[in-house]
Amino acid sequence: MLKGIPDILSPELLKILMEMGHTDELVIADGNFPAGAHPHRVVRLDGHGVPELLDAILTFYPLDRYVDAPVTLMAVLPGDPVVPVIWDEYKAIIARHEENAHCKEIDKYDFYESSRRAYALVATSERALYANIILKKGVVIKDHENG
């Protein structure tokens, strides 16, 4: 155990977050996402939802400030009546951790393709539909006064 690290962040996930570099992407997937199709690193956090995990990750993980939208959401398929209200919760969490970090939506199948190129994928038990999210890692900028 360490002080100040949210319990939801497993040692495996913390290691991955530390290994990631600028522009690497992390997928946080809902319970319906085909996580087994991810070719590289999959971390299972069964029993947890995306919002609590997103909040814990953004405590340490900088979003890329050099792109227009460092957060990618899976767009609702045309004709699907689902309204992903969980996105409002995501945007509130992101705003608490990062100023001016914008989200973009991409087609479901483009999202699947992007997730295959991501550095890692975290599989959750989130039940909300269209709750998948990709985070593009930024850089840590040291405070010049505090080194």
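Residue numbers restart at each chain and count upward from 1, following the sequence in its written direction. For a predicted model such as this one, the threshold for reporting local features is a pLDDT of at least 70, and the threshold for listing and counting side-chain atom pairs is 80 or more; totals across whole chains, interfaces and linings nevertheless cover every residue. The side-chain values count all of the structure's non-hydrogen atoms but skip hydrogen atoms and water molecules.

S.K.: Is there a simple way to explain the pattern of salt bridges in this structure?
M.R.: A side chain of one charge can pair with a side chain of the opposite charge if their charged atoms are brought near each other. Here, a salt bridge means any Lys or Arg side-chain nitrogen found within 4 Å of an Asp or Glu carboxyl oxygen. Scanning the entire structure with this criterion turns up five salt bridges. With a closest N to O distance of 3.3 Å, Arg96 and Asp55 form a salt bridge. With Arg96 in helix 3 (residues 86–97) and Asp55 in helix 2 (residues 50–58), the pair connects residues that are 41 residues apart, well separated along the chain. Each residue's exposure class comes from its accessible area (1.4 Å probe, protein chains only) as a fraction of the maximum for that residue type: buried when under 20%, exposed when over 50%, partly exposed otherwise. Judged by its relative accessible area of 26%, Asp55 is partly exposed. For Arg116, the salt bridge identified is with Glu113, shortest N-O distance 3.3 Å. Of this pair, Arg116 and Glu113 both sit in helix 4 (residues 108–117), three residues apart, which is roughly one turn of that helix. The way it works is that DSSP assigns letters per residue, a run of H or I at least four long becomes a helix, a run of E at least two long becomes a strand, and they are numbered from the N terminus.

S.K.: Mind showing me how you'd approach the sheet that holds strand 3 (residues 71–74) here?
M.R.: The pairing of strands in a sheet comes from backbone hydrogen bonds and takes either a parallel or an antiparallel form. When DSSP finds two or more bridges between a pair of strands, those strands are recorded as paired. Taken in spatial order, the six strands of this open sheet run 2-5-1-6-3-4, and their pairing is mixed. The open sheet terminates on both sides in strands that have one partner only, identified here as strand 2 (41–45) and strand 4 (103–106). Between one strand axis and the next, the sheet turns by 20 degrees as a mean value, whatever way the strands run. The contact rule is simple, with two residues in contact once any of their heavy atoms fall within 4.5 Å. For helices, the fitted line uses only the C-alpha atoms of the stretch in contact; every axis is such a line through C-alpha atoms, and the angle between N-to-C directions lies from 0 to 180 degrees. Strands strand 1 (25–29), strand 2 and strand 5 (120–124) of the sheet are contacted by helix 1 (residues 11–19), whose axis makes an angle of about 140 degrees with strand 2. This element, helix 4, spans strand 1, strand 3, strand 4 and strand 6 (133–136) of the sheet and lies at about 130 degrees to strand 3.

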